[in-house]
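Residues per chain are reported as follows:
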Amino acid sequence: MGKKTLLDWPVFRQLRAKDPFGRDRSTQSEKSKNLKPRISEADRMVKSVCPYCAVGCSQRVYVKDEKVIQIEGDPDSPISRGRLCPKGSASEQLVNSSTRVTDVLYRAPHSTQWTKLDRDEALDMIADRFLEARKKGWQDIDEQGRRVNRTLGLAGLGGATLDNEENYLIKKLFTAAGAIQLENQARI
């Protein structure tokens, strides 16, 4: 690297390059000339929705070798127009955190220890308990003799991390099962 002179000063380079607003290459340092976008190495981009609140900001998830490498706001979104709040901007850390639990954990009644379960075993346990609660709480007729065909043994609570399509499907499932106690905070 040669000795710097006053003529190498960015203001002089700007004036020589007829770049009065400093938006051209005259104001770039060697370091900034060699910078490349974090997403340039991504294999593909997948559109998604931020998992945190009920606003429903759209995200662009960049994937390389089946691993998320960057998450950014989606400028095509009419909701967020490419902007994310601090939590949404940190979504990549949620996905790639070394402390993220990726196993199914179960704590038996009155136990103080968690045990790992196979996913199929956990789904079978959930289905068995769902059907048992439905059966125990089933009502054919109410106190006034009207046919109701419902269960009070099940209730559904949807969260803001679900979009309205997911909440709609959950509502259909619970309604088909006879549940009437349903609530959600849908993204509308």
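Each remark here, short or long, concerns the structure printed above.
Residues numbered from 1 in each chain as written. Predicted model: local features only at pLDDT ≥ 70, side-chain atom pairs only at ≥ 80, totals over all residues. Heavy atoms only, no water.

A. Expanded view of the sheet that holds strand E1 (residues 44-49). Read from one edge of the open sheet, three strands run E1-E2-E3, paired in antiparallel fashion. Unpaired on one side and paired on the other, E1 and strand E3 (67-73) mark the two borders of the sheet. Here the strands of the sheet are splayed against their neighbours by 30° on average, with no regard to which way each runs. Looking at chain direction, E1 and strand E2 (residues 58-64) are connected through six bridges and run antiparallel. Residue pairing across strands places Arg 44 opposite Val 63, the latter belonging to E2. (Pairing = 2+ DSSP bridges. Helix = DSSP H or I, 4+ residues; strand = E, 2+ residues; numbered from the N terminus. Axes fitted to C-alpha atoms, helices over the stretch in contact; angles between N-to-C directions.)

B. View of the layout of surface pockets. Estimates place the volume of the second largest pocket at around 150 Å³. Take the lining of the second largest pocket: its biggest share by element is three residues, from helix H4 (residues 91-96). Here the residues of the lining of the second largest pocket are counted per class, giving six nonpolar, three polar and one charged. (1 Å grid on protein atoms, 1.4 Å probe; cavity = no way out; pocket = protein on both sides within 12 Å on 5 of 7 lines; lining within 4 Å. Points joined across faces, edges and corners; volume = space filled by probe spheres on them. Nonpolar A, V, L, I, M, F, W, Y, C, P; charged D, E, K, R; others polar.)

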